[in-house]
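Descriptive structure summary
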Amino acid sequence: MCLWFAYVEGYKGFQLKFSPLVVARAQTLKPFNGSPFHHTLFAPFYAMGLFHATKKRKIVSWSVSTGVAVIVVAVKKLPYPWRNIVDAGVIVGLSWGSMSIIVEWVKAAVLGKEVKMDPALPGSD
């Protein structure tokens, strides 16, 4: 189960899609130098593509966020040991995801490598 979460959530979900998107969108923010104040104030939500994004990106981001919330409610109702098994898999997937965001950021901000992900800003669709 943990290997499945590592592959599906960690690698396919985070490393290939979400992490590059978050870093690419975060790089478009220029606090005190052109970015609207509310983009900087709500930077995590901006980076996730929940607002100021293409229509498709907003639909995908809001759907995934809502879907995760629904799944959390459902998993909380699972009996022992199933909830613990799912929780262990989620820990693996989220750990992989957190590390992939850090690696993407280091590659972009520290090493100066370009993020090869469209930031899905309005007007780019």
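Presented here is an overview of the structure given in this document. (Residues numbered from 1 in each chain as written. Predicted model: local features only at pLDDT ≥ 70, side-chain atom pairs only at ≥ 80, totals over all residues. Heavy atoms only, no water.)

So, the layout of surface pockets
Formally: Only protein atoms enter the 1 Å grid used here, on which a cavity is any set of points holding a 1.4 Å probe that cannot leave and a pocket is any open set flanked by protein within 12 Å on both sides along at least five of seven lines; residues with an atom within 4 Å of a point are listed as lining. Grid points are joined across faces, edges and corners, and a volume is the space filled by probe spheres set on the points. Runs of H or I in DSSP of at least four residues are treated as helices and runs of E of at least two as strands, each being numbered from the N terminus. Nonpolar residues are Ala, Val, Leu, Ile, Met, Phe, Trp, Tyr, Cys and Pro. Charged residues are Asp, Glu, Lys and Arg, and all others, Gly as well, are polar.
If you add up the space inside the largest pocket, you get close to 1,200 Å³. Along its surface, the largest pocket is lined by 32 residues, and E9, G13, F14, V64 and V68 are the ones closest to its centre. Among the elements of the structure, α1 (2-27), α4 (55-76) and α5 (82-110) are those that each provide at least two residues to the lining of the largest pocket. In the lining of the largest pocket, the residues fall into 18 nonpolar, 5 polar and 9 charged.

Let's talk about the environment of Y11
Applied cut-off: Here's how the labels work: a residue is buried when its accessible area is under 20% of the maximum for its type, exposed when over 50%, partly exposed in between, all with a 1.4 Å probe on protein chains only. Two residues qualify as a contact provided that any one of their heavy atoms is within 4.5 Å of a heavy atom in the partner residue.
Take Y11: it is sitting in helix α1. Overall, Y11 belongs to the partly exposed group, its relative accessible area being 31%. As for Y11 and L94, which are separated by 83 residues in sequence, their C-alpha atoms are 10 Å apart. Those residues in contact with Y11 that sit more than four places away from it in its chain are A6, L16 and W96.

A few points about a nonpolar patch on the surface
Test applied: Like charges within 9 Å and nonpolar side chains (Val, Leu, Ile, Met, Phe, Trp, Tyr) within 5 Å are joined into patches, using only residues over 30% in relative accessible area that form no salt bridge. Methods summary: accessible areas were calculated by the Shrake-Rupley approach with a probe of 1.4 Å, and residue burial reflects only the protein chains presented. Whenever a carboxyl oxygen of Asp or Glu lies within 4 Å of a side-chain nitrogen of Lys or Arg, that contact is scored as a salt bridge.
On the surface, a cluster of nonpolar side chains totalling about 980 Å² of accessible area is made up of M1, W4, Y7, V8, Y11, L16, L78, W82, I85 and W96. At the level of secondary structure, the elements contributing two or more residues to the nonpolar patch comprise α1 and α5. Among the elements that make up the nonpolar patch, the one with the highest residue count is α1 (5 residues). The topology assignment puts L78 in the loop between α4 and α5.

Comments concerning the packing of α1 against α5
To be explicit about the condition: Orientation is described by axes fitted as lines to C-alpha atoms, over the contacting stretch for helices, and by angles from 0 to 180 degrees between their N-to-C directions. A clockwise turn of the near helix away from the far one marks a right-handed crossing, whereas an anticlockwise turn of less than a right angle marks a left-handed crossing.
Relative to each other, α1 and α5 sit at 35 degrees, their axes nearing to 7 Å. Crossing angle aside, the handedness with which α1 passes α5 is right-handed. In terms of residue class, the contact of α1 with α5 is built from 18 nonpolar, 8 polar and 2 charged.

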